[in-house]
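A structural walkthrough
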Amino acid sequence: MKAEIGIIGGSGLYSMPGFEAQEEASIETPFGWPSDNYVLGTLEGKPVAFLARHGRGHRLLPSELNFRANIYGMKWLGVERIISLSAVGSLKEEHRPLDFVIPDQFFDRTRGRISTFFGEGLVAHISFADPICPELAEVVSGACHSAGVTVKNGGTYLCMEGPAFSTKAESNVYRSWGMDVIGMTNLQEAKLAREAEICYVTVAMVTDYDCWHADHDAVTVSDIIGNLTKNAENACKVVAAAVARMPTGRACKCGSALAHALFTDRALVPEATRKKLGILIDKYFV
């Protein structure tokens, strides 16, 4: 079974209600195994693939995620658009718990994570100035409004290494830089989705204020879990609304991101590399 739309679920979101004709796909990629099986089915009459980013039961640390396998598996399934749902902390007073933020920028504070499919004899440099698909972001923003969820469009998602949360000094520095929300996963997904020519958008679901906030120490684990649960409920409504209003064709540039990104002389690309990346690059080798 193939899928058109991919859903990646983060903390507190391990399944996607509303599927019809569900089945699971276990996909071993050239980069190893994804976080979990893909759950395939139809949502609002459209074929959708859902992946629990941290595995069902939340078994994988952010630094343990096989981002390449996760995105490659989506590409193999035929996915052209990915809606990525992620729990985040807020770095601005205006982004309140239970708000959704659709960032249009990322800032990298991770260390040594692999965030490219390329190498091994094939060099590619994608354009990443605007890392989020604007067409998909508009669809998801409209879905938030129709689902009655408070949404803020734009802003910067700071991606930290984790798994520990920030110190107050770090949090205050990020605020001084103008960052909006903080999480541990979405930057690598966005880069790989761009290389795979898949439209990508992050739905950053605010669970609490980061440790900079005066009320941070008063927030309990049960408060955060409650917000995660409510955010997950809202996310399901937003995803269903977004899938329902998804346009048939793509008017963005995401589907041709590699057109001018492949730098290596085609004749010099090792056969093993070309085979490994076939689903990404074959159309540029004809």
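The paragraphs below set out a description of the structure included in this document. (Residues numbered from 1 in each chain as written. Predicted model: local features only at pLDDT ≥ 70, side-chain atom pairs only at ≥ 80, totals over all residues. Heavy atoms only, no water.)

**A look at the overall build of the protein chain**
Along the backbone of the protein chain there are 7 helices and 11 strands. A globule of 286 residues ought to have a C-alpha radius of gyration of about 19 Å, and the protein chain, at 18 Å, matches this closely. Each of the three principal axes of the protein chain carries a C-alpha extent, and together these read 60 × 45 × 35 Å. Sorting the 286 residues of the protein chain into buried and exposed places 55% on the buried side. In the protein chain, 83% of the contacts between residues at least 6 apart in sequence involve partners at least 24 apart. Element-wise, carbon and sulfur atoms account for 53% of the exposed surface of the protein chain, whose accessible area totals about 12,400 Å². (Helix = DSSP H or I, 4+ residues; strand = E, 2+ residues; numbered from the N terminus. Rg over C-alpha atoms; globule rule 2.2 N^0.38 Å. Buried < 20%, exposed > 50% of the residue type's maximum accessible area, 1.4 Å probe, protein only. Contact = heavy atoms within 4.5 Å. Areas by Shrake-Rupley, 256 points an atom, 1.4 Å probe, with all protein chains shown as cover.)

**A closer look at helix 1 (residues 67-76)**
In terms of residue burial, helix 1 counts as a mostly covered element, since 9 of its 10 residues are buried. Turning to helix 1, its buried residues are Phe67, Arg68, Ala69, Asn70, Ile71, Tyr72, Gly73, Met74 and Lys75. Where helix 1 ends, the next residue or the one after it, Gly78, has phi of about 95°, a positive value.

**Section: a nonpolar patch on the surface**
On the surface, Phe107, Val173 and Trp177 cluster together to form a nonpolar patch covering roughly 260 Å² of accessible area. Tracing the backbone shows Trp177 in the loop between helix 3 (168-176) and strand 10 (181-183). (Patch = residues over 30% accessible without salt bridge, like charges linked within 9 Å, V, L, I, M, F, W, Y side chains within 5 Å. Salt bridge = Lys/Arg side-chain N within 4 Å of Asp/Glu carboxyl O.)

**Thoughts on the nonpolar core**
The tendency in soluble globular proteins is for nonpolar side chains to be buried side by side. Met74, Ile83, Phe100, Phe117, Phe118, Val140 and Ile281 are the most contacted members of the largest nonpolar core, which has 81 residues in total. Among the elements that take part in this core, strand 11 (residues 199-209) stands out by supplying 7 residues, more than any other. Look past the residues within four positions of Phe118 in its chain and what remains in contact with it is Ala124, Glu195, Leu258, Leu262, Leu277 and Ile281. Ranked by size, the runner-up nonpolar core spans 9 residues in total, among them Leu158, Met179, Met184 and Tyr209. (Core = buried A, V, L, I, M, F, W, Y, C linked by side-chain atoms within 4.5 Å.)

**Description of the side chain of Lys46**
Within the element layout of this structure, Lys46 appears in strand 4 (residues 46-52). Put simply, Lys46 is tucked away with no salt bridge, and the nearest opposite charge, on Glu4, sits 6.2 Å away. In this structure the side chain of Lys46 is engaged in a polar contact, spanning 2.8 Å, whose partner is the backbone oxygen of Met246. Beyond its immediate chain neighbours, meaning those up to four positions away, Lys46 contacts Ile5, Gly41, Val243, Ala244, Arg245 and Met246. (Lys, Arg positive; Asp, Glu negative; His and termini not counted. Polar contact = N/O pair within 3.5 Å; in protein donor to acceptor, adjacent residues only side chain to side chain.)

**Some thoughts on unusual backbone geometry**
Gly162 connects to Pro163 through a cis peptide bond whose omega is 5°. Along the polypeptide, Pro163 turns up in the loop between strand 9 (156-160) and helix 3. Its identity is not glycine, yet Glu44 carries a phi of approximately 55°, on the positive side. In this structure, Glu197 is a non-glycine residue whose phi angle is positive, near 60°. By the element assignment, Glu197 lies in the loop between helix 4 (186-195) and strand 11.

**Points about the packing of aromatic side chains**
Per the counting criterion, the structure on display carries 7 aromatic pairs. Between Tyr174 and Trp177, the ring centres sit 5.7 Å apart and the planes meet at 50°, which makes this aromatic pair tilted. Just above the ring of Trp76 sits the side chain of Lys2; from NZ or CZ to the centre is 4.5 Å. It is Arg266 that lies over the ring of Phe285; its NZ or CZ is 5.3 Å from the centre. (Phe/Tyr/Trp six-rings, centres within 6.5 Å; stacked < 30°, edge-to-face > 60°. Lys NZ or Arg CZ within 6 Å of the ring centre and 35° of its normal.)

**Side note on the pattern of salt bridges**
One pass over the structure, following the stated rule, counts 13 salt bridges. The closest approach of N and O atoms between Asp36 and Arg59, which form a salt bridge, is 3.5 Å. Residue Asp36 is located in the loop between strand 2 (20-25) and strand 3 (38-43), and its partner Arg59 is located in the loop between strand 4 and helix 1; the two are separated by 23 residues in the primary sequence. The structure contains a network of salt bridges with shared partners spanning Glu24, Asp36, Arg56 and Arg59.

**Quick look at the layout of surface pockets**
What the second largest pocket holds in volume is close to 490 Å³. Here the lining of the second largest pocket is composed, by residue class, of 11 nonpolar, 7 polar and 5 charged. (1 Å grid on protein atoms, 1.4 Å probe; cavity = no way out; pocket = protein on both sides within 12 Å on 5 of 7 lines; lining within 4 Å. Points joined across faces, edges and corners; volume = space filled by probe spheres on them. Nonpolar A, V, L, I, M, F, W, Y, C, P; charged D, E, K, R; others polar.)

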